[in-house]
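Listed below, chain by chain, are the residues.
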Number of protein chains: 2
Amino acid sequence: MNTATTIERPIISTEELLNAWKGHRNLTRKVIEVFPEKDLFSFSVGGMRPFVDLCKEMITVSAGGLKQIITGVIEPFEDAMPQIKEKADLLQAWDEATEQISIYFPQISAEKFHEDINLFGEYKFPVIENIQYFIDNEIHHRAQGYVYLRALGIEPPFFWDRY
Amino acid sequence: MNTATTIERPIISTEELLNAWKGHRNLTRKVIEVFPEKDLFSFSVGGMRPFVDLCKEMITVSAGGLKQIITGVIEPFEDAMPQIKEKADLLQAWDEATEQISIYFPQISAEKFHEDINLFGEYKFPVIENIQYFIDNEIHHRAQGYVYLRALGIEPPFFWDRY
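Looking up chain A in an unreviewed UniProt entry gives the name DinB family protein, with the organism given as Niabella ginsengisoli. Here chain A is described in UniProt, under the heading Sequence similarities (unreviewed entry), as follows: "Belongs to the DinB family."

### So, the relation of the copies chain B and chain A
By a simple turn and slide, chain B fits onto chain A: the slide is 0.0 Å along the axis, the RMSD is 0.0 Å, and the turn is 180 degrees. Classification of the inter-copy transformation places it as that of a two-fold axis. Taken together, the interface assignments show that 100% of the residues at the interface of chain B recur at the interface of chain A, consistent with an identical surface on both copies.

### So, the pattern of salt bridges
Following the criterion strictly, the structure yields 16 salt bridges over all chains and no others. A:Asp136 is paired through a salt bridge with B:Arg162; the nearest N and O atoms lie 3.9 Å apart. In this pair, A:Asp136 sits in helix H5 (residues 127–151) while B:Arg162 sits in the segment after helix H5 (127–151), so the two residues belong to two different chains. Both residues of the pair, A:Asp136 and B:Arg162, belong to the buried class. What you see here is one network of salt bridges that share partners, running through A:Arg29, A:Glu33 and A:Asp95.

### Brief notes about helix H3 (residues 51–71) of chain B
Owing to its 3.6 residues per turn, the α-helix aligns residues three or four sequence positions apart on the same side. Taking 1.5 Å per residue, 21 residues should reach 30 Å; H3(B) reaches 29 Å between its end C-alpha atoms and fits that length. Here H3(B) lies mainly inside the structure; 17 of its 21 residues are buried.

### Points about the interface of chain B and chain A
As a measure of interface size, the accessible area lost when the parts come together is often cited. Contacts between the two partners involve 41 residues from chain B, matched on the other side by 41 residues from chain A. Of the roughly 3600 Å² buried where chain B meets chain A, counting both sides, 63% is carbon and sulfur surface. Inspection of the chain B/chain A interface yields 2 salt bridges. There are 9 residue pairs in polar contact (both at pLDDT 80 or more) connecting chain B and chain A. Among the secondary structure elements, those contributing two or more residues to the side of chain B that touches chain A are strand S1 (10–13), helix H1 (14–34) and H5 of chain B. At 13 residues, H5(B) tops the list of elements feeding residues into the side of chain B that touches chain A.

### A short note on the nonpolar core
Formed by 50 residues in total, the largest nonpolar core has its most connected members in A:Phe51, A:Leu90, B:Phe51 and B:Leu90. If you list the elements that add at least two residues to this core, you get helix H1 (14–34), helix H3 (51–71), helix H4 (87–104) and H5 of chain A together with H1, H3, helix H4 (87–104) and H5 of chain B. When neighbours within four sequence positions are excluded, B:Phe51 is seen to be in contact with B:Val31, B:Ile32, B:Phe35, B:Leu40, B:Phe43, B:Met58, B:His141, B:Arg142, B:Gly145 and B:Tyr148. Counting residues in each nonpolar core, the second largest holds 46 residues, with A:Ile11, A:Ile139, B:Ile108 and B:Ile131 among its members.

### Digging into the packing of aromatic side chains
Aromatic ring pairs are described here by two measures, namely the spacing of the ring centres and the angle between the planes. With the rule as written, the count across this model stands at 16 aromatic pairs over all chains. Aromatic pair B:Trp21 and B:Phe105: ring centres 6.2 Å apart, planes at 70 degrees, arrangement edge-to-face. A residue pair is termed long-range when its members are at least 10 positions apart, and B:Trp21 in helix H1 and B:Phe105 in the loop between H4 and strand S2 (116–119) qualify at 84 residues. The class of B:Trp21 is buried, set by a relative accessible area of 0%. Relative to B:Phe120, the ring of B:Phe77 has its centre 5.2 Å away and its plane inclined at 75 degrees; by these criteria the two rings are edge-to-face. Of this pair, B:Phe77 sits in the loop between H3 and H4 while B:Phe120 sits in the loop between S2 and strand S3 (123–126), placing them 43 residues apart in sequence. The pair formed by B:Phe77 and B:Phe120 is uniform in burial state, with each residue classed as buried. Taken together, the aromatic side chains of A:Trp21, A:Phe105, A:Phe113 and A:Phe134 make up a single cluster linked through ring pairs. Lying across the ring of A:Trp94, A:Arg25 places its NZ or CZ 3.9 Å from the centre. The side chain of A:Arg162 reaches across the aromatic face of A:Phe159, ending 4.7 Å from its centre.

### What to know about the environment of A:Asn118
All names here are of chain A. Following the sequence through the fold, asparagine 118 ends up in strand S2 (residues 116–119). A residue is classified by how much of its surface remains accessible, and asparagine 118, at 32% relative accessible area, is partly exposed. Sequence separation of asparagine 118 and isoleucine 69 is 49 residues, and the distance between their C-alpha atoms is 9.2 Å. If near-sequence neighbours (up to four positions away) are discounted, asparagine 118 is found in contact with Ile74, Tyr123 and Lys124. Side-chain polar atoms of asparagine 118 contact the backbone nitrogen of tyrosine 123, separated by 3.4 Å.

Cut-off values and rules
Residues numbered from 1 in each chain as written. Chains lettered and ligands numbered in written order. Predicted model: local features only at pLDDT ≥ 70, side-chain atom pairs only at ≥ 80, totals over all residues. Heavy atoms only, no water. UniProt positions renumbered as here; feature names shortened; annotations may be inferred. Least-squares fit on C-alpha atoms with pLDDT ≥ 70 in both. Contact = heavy atoms within 4.5 Å. Salt bridge = Lys/Arg side-chain N within 4 Å of Asp/Glu carboxyl O. Helix = DSSP H or I, 4+ residues; strand = E, 2+ residues; numbered from the N terminus. Buried < 20%, exposed > 50% of the residue type's maximum accessible area, 1.4 Å probe, protein only. Expected span 1.5 Å × (residues − 1). Buried area = accessible area lost by both parts, 1.4 Å probe. Polar contact = N/O pair within 3.5 Å; in protein donor to acceptor, adjacent residues only side chain to side chain. Core = buried A, V, L, I, M, F, W, Y, C linked by side-chain atoms within 4.5 Å. Phe/Tyr/Trp six-rings, centres within 6.5 Å; stacked < 30°, edge-to-face > 60°. Lys NZ or Arg CZ within 6 Å of the ring centre and 35° of its normal.

Next up, the structure:
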């Protein structure tokens, strides 16, 4: 097991990873903002889920996942999903999740990052791999929102606009 | 500047980052494989580029970018773009890029990762941030390929299938 104290050739610090993640969250928030209210809840391509559902997944996976890492209390994925009825609800849930991430993430000890956790009772990997998955999953689903916006004739934010 | 020797609270090693990247490359290759030949070159949604062009960008950015990091020879983005006429060409270019990444990446010194480089004469950031951008950009454009596949009625590979 690669514990934090024995990381050879370290390349990314805990703070750098958190900052990169927060940059991605800023961009995803901008994508939510440019979605028309109606399309956020109903538009999709090829039978996929509307963007609100992809965002609910991102919120549950990220803030919900970190909460499980910190508290050790594992709950099923569906039970952790927020109720969202309007775009304003989604933006509020998004901001609350960002705040929770900012609080929980720095509480993870160097050792804990490389311990296994069975997240949502389904995903048993080291904490760091679960967190990398949260971020990758956000980039993946946000990019699908980009295609929805293009299909709606709406210009999405620049991919590098993370501020 | 945060040099490798002074990384506080390191979380990811050079090897772990390379392995995560290779996993993503395996998945992107699977996405290319399931695209029908014709649609790879012509299908798109909302006026976006066809998937072959997104893949050409990924190849140029990643293997081309790493080459510039190692050699210090900066060339414009367009000049580094591969010629691709068939799906077989793309798969071959993909595999060659993966091989180049495997060779170049371990040659980057711990210090160099945190030095600025003006990649393609356009993107002046620390090497590590440029590399994180390569990976994020691949996840982003591959996800758009997922939507194209869904719109074509084709099941894409599982997001976690990186082997």
